[in-house]
Amino acid sequence: MSKRTSSKSKGHRSSGSNHKSTHLLQKLRPSKSLIFKLVVVLLVVILGWVIYLDAVVRAKFEGKRWEIPARVYARPLEIYDGLALNADNLQLELKALGYKKTLKADMSGSFARHGSNFVVYSRGFLFSDGAESARRVAFTIDSGVVSRFYVAKGEQNEILRLEPLQIGGIYPAQKEDRLLVTLDQVPDGLIQSLLWVEDRDFENHIGIAPLSIIRAMIANMKAGRVVQGGSTLTQQLVKNFYLSRDKTIVRKATEAVMSLLLEFHYDKQDILEAYINEVYLGQAGARAIHGFGMASQFYFGKPLSDLDIEQSALLVALVKGPAYYDPRRHQERALERRNLVLSVLAEEGVLSQSEAIIARGRPLGVIDKPSYSTNRYPAFIDLVKRQLASDYQQEDLQSEGLRIFTTLDPQMQERAEKTLKTTLASLTPQNKASALQGAIVVTGSESGEVAALVGGAEPKFSGFNRALDAVRPIGSIIKPAVYLSALQHPDRYTLVTPLKDEPFVLEFENGERWTPHNFDEKNHGVVALYQALSKSYNLSTARLGLDLGVDEVSSTIRLLGVTRPMNIYPSLFLGATSLAPFEVTQMYQTIAASGFNVPVRAIRSVTTSSGEELSRYAYEVDQVIDSNAMHLLQYGLIGVAKEGTAKSVYRYLNPDLTVAGKTGTTNDSRDSWFAGFSGDYLGVVWLGHDDNRSTGLTGSAGALKVWGKLMRQFPQRPFDPIKPSGINYRWIDENTGNLTEDGCSGARFIPFIKGSEPVETQSCKSGFSRAKHWFNSLF
């Protein structure tokens, strides 16, 4: 009884306990309505998420997809009969352009050289004035001149215009570089390779390939991490275009949804074209190489349309891992992967087996150095940016894909950089730590176009740009402005006007005294004006300047193109003011251009990526100096090179090449300057130390050497200024300054502004003098 009672009691207790548990479970179990609500909320959240992703997908795909850097090009080389051209320099430029040297030059982007005979098979290029197609031409370079120009294939035009070398870019903040291409610019072989290797079901799937994803998920679950991808091209595009590279479940889910949305809104051709321009294919320093168009230039130095099948296969091979298969660093891996792609093409019938065997046997064909490197001439690019700044916003330069056509001559630039470096080394062989620095600016002597600009002894590294920013005392390089000021007064001064080259003391109101000296510490008595200039005498120059006045001389300097504030004291006559080499170039540009102000410019034009011209920086001139006075000054500067302080320049140049120029040396030889010009080039060279220590070099011992060594590497015309109508040449006795006869001993043929000629005459002193002059003329 008691047991039953106990049992009942237990049973009662058990029943009560179960009831409580059931009740508790019922309380804990969500009701159907709650589940329904949660599902609804979840669906709403998912729907909102999808709507958000849809907006993201459409906004970026239909908007501005990429920031495209501006591309900066050198001048295009035009080859024609009669062009002055150095054969080695041409070969240098062809290699820089990525041209391949072959025996026959039978393919676009190649050349052949047999001694002085060249065959060049150019590539086409879209210039600002229209497209130029590829052509195969032959010509000879004899004694620095092009002859026997012949078009073997292509348009029969007497001028071959090579595509300009890309010398840099103005890149967006994220350092991405790409060259946009349309699908019709992509070789069929590359597209077929890409689809067969990366996504052979591309035309049929909906953005994702479930079976591939399942396979990848199983593999990843087994590994406990993401080890395999099943991504379609669409998913790869979404991953690169919209998402981070994180390998998380949420990111993968987002990628799948966005891929579906992308396929829903856009056709396959749009997606494929976007992929071809977006895919990451390498790294150039800090710059990421995106898209097949850019990769083709980066690895092969040529456009996609010129790629061979094995080259297209290599680019496709790189999709799997641009760093791992880097063809410059890991040739064997890259070769193996490329040949695998070629084998796939053969298996799928895209290539015949024999074609695949031939392609697999070819080398990678990657150029040693990317033709599209980051600003290979940083000092010049610095100048380009400064000149663009007045017309374009930085944002536009970094994102709109503008094409900037400059004036840079790659041949001159390369030679200028090398010449400066080797000459500096030769000038300081014992003390490399002295860190002697230098800068060079070379322009067209008539056009003012900057052919080369070197900003320091290590020109490949960007940094302090001495050509533009090293503002240094200019010494005697300023003296032509003093003499030009005088020659603009023909009633007072001619080239034969006698000047006193004797000491003097100038005392100022504050009691300070100025006592200039000649560099050789000698006094030269009375000298003719042209002699004072050619010998760069300080005493006679200072006396002349004082006679003219500081204001007049400084006014002439302004007319020559100098805008920087100057030291308006008499010491200005001897160069006690500071300018940068680029500013000195502007000053001498006006002299070389016979009194016409020709702005020194680095840009010719700017176009859109499709070739539409936005700006043209036209050749503009404005006569600011009387051409007669300028002609006299040019005569004097020729004398500086022939018989004055710069005569050592003919150690480097052919004596038949007439050049004009001026040396400059500052106190304690801290700065060495030379500015000179021929019929083709104007060059300004500065040497010095950044800390303003003495170099121990005069203008002729330092800067002139660089100038001479550089200019001798280029065939060019002598400087032969046109005689203005207001000029008469007369024979003058160089001792007395009187008119004399041709053939007299000491007779000099000198220009005068009409009406300023001497009136005193004298005949030859003896028949012996005439005979002596004739005899000398034979030698």
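Shown above is the structure to which this text applies.
Residues numbered from 1 in each chain as written. Predicted model: local features only at pLDDT ≥ 70, side-chain atom pairs only at ≥ 80, totals over all residues. Heavy atoms only, no water.

**Observations concerning the overall build of the chain**
Across its full length, the chain carries 24 helices and 32 strands. For 779 residues, the compact-globule estimate of 2.2 N^0.38 gives 28 Å, and the C-alpha radius of gyration of the chain, at 38 Å, exceeds that figure by more than 25%. C-alpha extents for the chain along the principal axes are approximately 165 × 70 × 50 Å. A buried classification covers 53% of the 779 residues belonging to the chain. Excluding contacts between residues fewer than 6 apart, the proportion of contacts in the chain whose partners are at least 24 apart in sequence is 68%. The distance from the centre of the 90 positive side-chain charges to the centre of the 82 negative ones in the chain is 13 Å. (Helix = DSSP H or I, 4+ residues; strand = E, 2+ residues; numbered from the N terminus. Rg over C-alpha atoms; globule rule 2.2 N^0.38 Å. Buried < 20%, exposed > 50% of the residue type's maximum accessible area, 1.4 Å probe, protein only. Contact = heavy atoms within 4.5 Å. Lys, Arg positive; Asp, Glu negative; His and termini not counted. Charge placed at Lys NZ, Arg CZ, Asp CG, Glu CD.)

**Notes on the packing of helix α2 (residues 32–62) against helix α7 (residues 249–265)**
Two numbers describe how α2 lies on α7: the axes approach to 9 Å, and their chain directions differ by 60°. The pairing of α2 with α7 is recorded here as oblique in orientation. The crossing of α2 and α7 is right-handed. The residues of α7 that touch α2, namely those facing Trp-49, Val-50, Leu-53, Asp-54, Val-56, Val-57, Arg-58 and Phe-61, are Ala-253, Thr-254, Val-257, Met-258, Leu-261, Leu-262 and His-265. When the residues that make up the contact of α2 with α7 are grouped by side-chain class, the tally is 11 nonpolar, two polar and two charged. (Axes fitted to C-alpha atoms, helices over the stretch in contact; angles between N-to-C directions. Parallel < 35°, antiparallel > 145°, perpendicular 65-115°, else oblique. Left-handed = near helix turned anticlockwise from the far one by under 90°. Nonpolar A, V, L, I, M, F, W, Y, C, P; charged D, E, K, R; others polar.)

**Looking at α2**
Given a rise of 1.5 Å per residue, 31 residues ought to cover 45 Å, and the 44 Å separating the end C-alpha atoms of α2 matches this to within 8%. Three or more residues of α2 are buried, namely Leu-53, Asp-54, Val-57 and Phe-61. Summarising the contacts, the buried residues of α2 are in contact with α6 (233–242), α7 and α8 (268–278). (Expected span 1.5 Å × (residues − 1).)

**Some words on the pattern of salt bridges**
Scanning the entire structure with this criterion turns up 36 salt bridges. The salt bridge partner of Arg-161 is Asp-129, with a shortest N-O separation of 3.1 Å. In this pair, Arg-161 sits in strand β10 (residues 160–161) while Asp-129 sits in the loop between β6 (125–127) and β7 (130–132), placing the two residues 32 residues apart along the sequence. We note a salt bridge from Arg-472 to Asp-671, for which the minimum N-O separation is 2.9 Å. Note that Arg-472 is positioned in strand β18 (residues 472–473) and Asp-671 in strand β29 (residues 671–677), a separation of 199 residues in sequence. Taken together, the shared-partner salt bridges in this structure form one network comprising Asp-129, Glu-132, Arg-135 and Arg-161. (Salt bridge = Lys/Arg side-chain N within 4 Å of Asp/Glu carboxyl O.)

**Things to note about the sheet that holds strand β13 (residues 280–284)**
Strand order across the open sheet formed by three strands is β12-β14-β13, with mixed pairing between neighbours. With partners counted over all chains shown, the strands left at the sheet margins are β12 (176–178) and β13, one partner each. Across the sheet, the mean angle separating the axes of adjacent strands is 30° when strand polarity is ignored. Alignment of β12 against strand β14 (residues 287–290), held across three bridges, turns out to be parallel. Pairing of Arg-178 across the sheet is with His-290, part of β14. (Pairing = 2+ DSSP bridges.)

**Section: the packing of aromatic side chains**
A full pass over the atoms with the stated rule returns 18 aromatic pairs. Between Phe-125 and Phe-127, the ring centres sit 4.9 Å apart and the planes meet at 65°, which makes this aromatic pair edge-to-face. In this structure an aromatic cluster arises from ring pairing among Phe-61, Trp-66, Phe-241, Tyr-242 and Tyr-266. The ring of Phe-241 carries Lys-60 above its face, with NZ or CZ at 4.6 Å from the centroid. Positioned above the aromatic ring of Phe-61, the side-chain terminus of Arg-65 is 4.0 Å from the ring centre. (Phe/Tyr/Trp six-rings, centres within 6.5 Å; stacked < 30°, edge-to-face > 60°. Lys NZ or Arg CZ within 6 Å of the ring centre and 35° of its normal.)

**Here we look at the packing of helix α11 (residues 331–347) against helix α12 (residues 353–360)**
Across the interface, α11 lies against α12 with an axial gap of 9 Å and an inter-helix angle of 170°. Classified by the angle between their axes, α11 and α12 sit roughly antiparallel to one another. For the pair α11 and α12, the contacting residues are Arg-338, Asn-339, Leu-342, Ser-343 and Ala-346 in the first and Gln-353, Ala-356, Ala-359 and Arg-360 in the second. Here the residues of the contact of α11 with α12 are counted per class, giving four nonpolar, three polar and two charged.

**Digging into the environment of Tyr-392**
Within the secondary structure, Tyr-392 sits in the loop between α13 (378–388) and α14 (394–399). Setting aside anything within four residues of it in sequence, one finds Tyr-392 in contact with Leu-397, Leu-402, Val-606, Leu-614, Ser-615 and Tyr-617.

**Re the environment of Gly-365**
Here Gly-365 is to be found in the loop between α12 and α13. With 65 residues separating them along the chain, Gly-365 and Phe-300 place their C-alpha atoms 7.0 Å apart. Each residue touching Gly-365, except ones within four places of it in the same chain, is listed here: Tyr-299, Phe-300 and Gln-311.

**Description of the nonpolar core**
Core analysis: the biggest nonpolar cluster contains 140 residues, and Phe-139, Leu-388, Ile-404 and Leu-453 have the highest contact counts within it. Filtering out sequence-adjacent residues up to four positions away, Phe-139 remains in contact with Ile-79, Leu-90, Ser-116, Asn-117, Phe-118, Val-120, Val-146, Ser-147, Arg-148 and Phe-149. In this structure, Phe-241, Val-257, Tyr-299 and Leu-304 belong to the second largest nonpolar core, which totals 58 residues. (Core = buried A, V, L, I, M, F, W, Y, C linked by side-chain atoms within 4.5 Å.)

**Brief notes about helix α21 (residues 581–592)**
For α21, built from 12 residues, the straight-helix expectation of 16 Å at 1.5 Å per residue is met to within 8% by its first-to-last C-alpha distance of 16 Å. Burial within α21 is extensive, with 12 of its 12 residues counted as buried. Regarding α21, the residues found buried are Pro-581, Phe-582, Glu-583, Val-584, Thr-585, Gln-586, Met-587, Tyr-588, Gln-589, Thr-590, Ile-591 and Ala-592. Of the residues flanking the end of α21, it is Ser-594, one or two places downstream, whose phi is positive at about 60°.

**Comments concerning the pairing of strand β25 (residues 603–607)**
For β25, the tally of buried residues reaches four of five residues, placing the bulk of the element in the interior. As judged from the four bridges shared by strand β15 (residues 403–406) and β25, these two strands associate in the antiparallel manner. Note that in β25 the partner of Ile-404 across the bridge is Val-606. Here three bridges tie β25 to strand β26 (residues 613–616), and the two strands are oriented antiparallel to one another. Counted as the bridge partner of Ser-605 is Arg-616 from β26. Hairpin connection between β25 and β26: a loop of five residues separates the two successive antiparallel strands, and Gly-611 in this loop has a positive phi of roughly 100°.

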